[in-house]
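Structure assessment
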Amino acid sequence: IVAAALMGTLLLAAPAAFAEPARDELIRTEAQIAALNTADASTAAPINFQEAQLRLNEARTAEDKNKDEDSLWRSAEASLQAEIVQEKIKLQALERTVSEIETGIATLRRELGFGDVQAVV
């Protein structure tokens, strides 16, 4: 009888074990996505940004329906998409910096009279 009661308690507690981690992950992911610069995200990685928002909405819906495991998974997917967006934003900024440096080098070459010499990079 004691074993059956203990097993019943464990089975009832199992869904609750997902509740707090799911809610914590949802809150963390909401903050992560909110921290993204929308203009940069829409330019650098529009599909990933939309995917992150979609998965976040799915996580919220699952949370509202007390589907904590689904909410946890969707939040994790949204977080991964947000990380991809953030890295693509960084890549875009680096590419812009490289372009500015290349333009600066070309300008210096022209000013120094090396306009006809091709740079070896």
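For the structure, see preceding data.
Residues numbered from 1 in each chain as written. Predicted model: local features only at pLDDT ≥ 70, side-chain atom pairs only at ≥ 80, totals over all residues. Heavy atoms only, no water.

When helices and strands are tallied, the protein shows four helices and zero strands. When the helices and strands of the protein are placed in sequence order, the string is α-α-α-α. For the protein, the residues scored as buried account for 21% of the 121 residues in total. If you take every contact in the protein between residues at least 6 apart in sequence, the share linking residues at least 24 apart comes to 72%. Roughly 8,600 Å² of accessible area belongs to the protein as shown, and the carbon and sulfur atoms make up 61% of that amount. (Helix = DSSP H or I, 4+ residues; strand = E, 2+ residues; numbered from the N terminus. Buried < 20%, exposed > 50% of the residue type's maximum accessible area, 1.4 Å probe, protein only. Contact = heavy atoms within 4.5 Å. Areas by Shrake-Rupley, 256 points an atom, 1.4 Å probe, with all protein chains shown as cover.)

Although it is not a glycine, Asn66 adopts a positive phi angle of roughly 60 degrees. With respect to the helices and strands, Asn66 occurs in the loop between helix H3 (46-64) and helix H4 (68-111). When its relative accessible area of 63% is taken as the criterion, Asn66 is described as exposed.

Bringing the side chain of Gln81 into the picture now. Along the chain, Gln81 falls in helix H4. Here the side chain of Gln81 touches Asn48 through a polar contact of 2.9 Å, side chain to side chain. With sequence-adjacent residues up to four places away left out, Gln81 is seen in contact with Asn48, Glu51 and Ala52. (Polar contact = N/O pair within 3.5 Å; in protein donor to acceptor, adjacent residues only side chain to side chain.)

One pass over the full model with this rule turns up eight salt bridges. With its nearest N and O atoms 3.4 Å apart, the salt bridge here joins Glu77 to Arg55. Of the two residues, Glu77 is situated in helix H4 and Arg55 in helix H3; the sequence distance between them amounts to 22 residues. Taking relative accessible area as the criterion, Glu77 reaches 29% and is therefore assigned partly exposed. (Salt bridge = Lys/Arg side-chain N within 4 Å of Asp/Glu carboxyl O.)

Right, let's get into the side chain of Arg55. Classification of Arg55 by relative accessible area gives buried; the value is 18%. Within the local environment of Arg55, its side chain forms a polar contact with the side chain of Glu77, the two groups lying 3.4 Å apart. What Arg55 contacts, discounting residues up to four positions off in sequence, is Arg74, Glu77 and Ala78.

Attention shifts here to the environment of Glu63. The topology assignment puts Glu63 in helix H3. Measuring from C-alpha to C-alpha, the distance between Glu63 and Ala22 comes to 7.8 Å, with 41 residues separating the pair along the chain. If we ignore the near neighbours within four places in the chain, the residues touching Glu63 are Ala22, Arg23, Leu26, Asp68 and Ser71.

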